[in-house]
Each structure stands twice: as C-alpha cells, then as structure tokens.
Amino acid sequence: MLQGPRNRFPLIKAERYEFVAGGIGITPLLPMIDAVSRCGVPWHLNYGGRSMEHMAYAEMLTTRYGASVTLCPQDRDGLLDLAGIVADLTTETAVYACGPEGMLSALEGLAAEASWSFHCERFAGNNEVAHRPDDEPFEVTLTSAGITLEIQPGESILDAVEREGVFVMSSCREGICGSCETPVVSGEIDHRDDYLTDEERASGDVMMICVSRGCGALELDL
C-alpha cells in the first residue's frame, strides 16, 4: 500500500511558541512560523548564524514579522543566549529548534529542568567522515584565480579557499545543504557529502568542498 511522506517534526498545538534556529536550521521552522502567525498564536523566533550574509531569509523574516524576530549574527552579537531565551518560558510554551548539534544538546539540557515542551530536528551530516586519521595532503588548483593550494589533513578545501580570499557560497559546512557545490575541471574526488546523488558523484563534475577531498591533485573552476 502506498503511503505519503511521514512528518517526524510535527507542530503540536500550544498556547505559545518559541522558535530557535541556527544557520540552515531556519528552513523547517519557516512553515511553522507561517502557520502559527496566520492562526494568531503568540510566538517568537531567535535566529543565529555566523554572519548576516550567512543567514538565509533574515530580511524576509524581519520585514514580514518585525519584533517577533530576533536576529543574532555571531560576528556581531556572539552566540545565541539559550539560557536567557528560555528563562521565563511557561508550561504553555512549546519550543521548536533546529540547527547545530551543540545548540540542540544545550536546549535539551535546559528542557530537562523546565516545564515547557521541547521539539527539535537534527540534520545528520557527514561530520564523522569529513576528516579521517588516514587523510593525506593533496593539491588543489583554482583555475580562474590561478592559485594552487595544499590541503592539509584536518582542513577542508573550503577553509583553504576562503583563507586565500576567494569567495565561495556556503552555509552548513557539513555537506548537506549544497551551497558550496563547485565545478571540478579534473581529478578524482573523495565524495563525503550527503547531498549529491550517486549519478552526480560518478560523473565527477562537481563536489562539495566543505567536506569532500581529492584522491590526489584536483583542479576546480574557481
């Protein structure tokens, strides 16, 4: 029997909602925010990210919802004050969160000592394989920039490229969002992302430079 998709992050009925987003964790919260706003239920969003440039939908959210949204770019305001965010929440409040594991674990710890309900969704990235003990250095040539870099064990191509001042669109840095997809001119790729299909990996045309590496020298269209 055919079945529809399963929702493992449902929006329960509550008298008030507190939303907490970190980085691309804003994505699954957007339809929830829209739903509770249309229903007239009180809510507030705290949204953190590395910088305003890395916070998707920030302008739309503040324009549409005004004071119901608090933005916290890390380069300006530091990390989200999670303890402060939930300090005065009551039993009637449902907290919904999505973002980095550290943020979610901290909120879980706070929820264990509180009366409000906590609901979260985790993005399962490839952190455990992004860097391996047996990784070796390899060279990456940026054909447009005319730069050749040596990527060391424990660092990503994205880190090295940014260090040279070459701009690459990025967000999750865990190989799950697709933002840093980069065309590959030549070379064999050690794909470690959770974004590309098997066919896309086999083609060798693109790679996610935040986690994937080279099996020897690579040339990238950057």
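Criteria and cut-off values
- Residues numbered from 1 in each chain as written.
- Predicted model: local features only at pLDDT ≥ 70, side-chain atom pairs only at ≥ 80, totals over all residues.
- Heavy atoms only, no water.
- Buried < 20%, exposed > 50% of the residue type's maximum accessible area, 1.4 Å probe, protein only.
- Helix = DSSP H or I, 4+ residues; strand = E, 2+ residues; numbered from the N terminus.
- Pairing = 2+ DSSP bridges.
- Right-handed = clockwise from strand over helix to strand, strands pointing away.
- Arc of directions from axis to C-beta.
- Contact = heavy atoms within 4.5 Å.
- Axes fitted to C-alpha atoms, helices over the stretch in contact; angles between N-to-C directions.

Structural notes on the pairing of strand S2 (residues 43–49)
Along S2, seven of the seven residues are buried, which leaves the element largely enclosed by surrounding structure. Pairing analysis gives six bridges linking strand S1 (residues 16–22) to S2, with the strands arranged parallel. Bridging across to S2, Phe 19 finds its partner in Leu 45. In the classification by handedness, the crossover that spans S1, the intervening helix H1 (residues 30–39) and the parallel S2 is right-handed. Relative to strand S3 (residues 69–73), S2 runs parallel, the two being bridged by five bridges. Considered in S3, the bridge of Leu 45 is made with Val 69. Crossover handedness for the path S2 to helix H2 (residues 58–65) to S3: right-handed.

Comments concerning H2
Looking at H2, one finds that the buried residues are Ala 58, Leu 61 and Tyr 65. On an axial view of H2, the arc spanned by its buried residues comes to 70°, and they lie on one face. Exposed residues lying more than 90 degrees from the buried face of H2 are Glu 59, Thr 63 and Arg 64. The secondary structure elements touched by the buried residues of H2 are H1, S2 and S3. Two residues or fewer past H2, Gly 66 is found with a positive phi of approximately 60°.

Side note on the sheet that holds S3
Spatially, S3-S2-S1-S4-S5 is the arrangement adopted by the five strands of the open sheet, whose pairing is parallel. For this open sheet the edge positions go to S3 and strand S5 (117–121), each flanked by a neighbour on one side alone. Adjacent strand axes in the sheet meet at a mean angle of 15° when their direction is disregarded. Sitting on the sheet, H2 is in contact with S2 and S3, with an inclination near 155° to S3.

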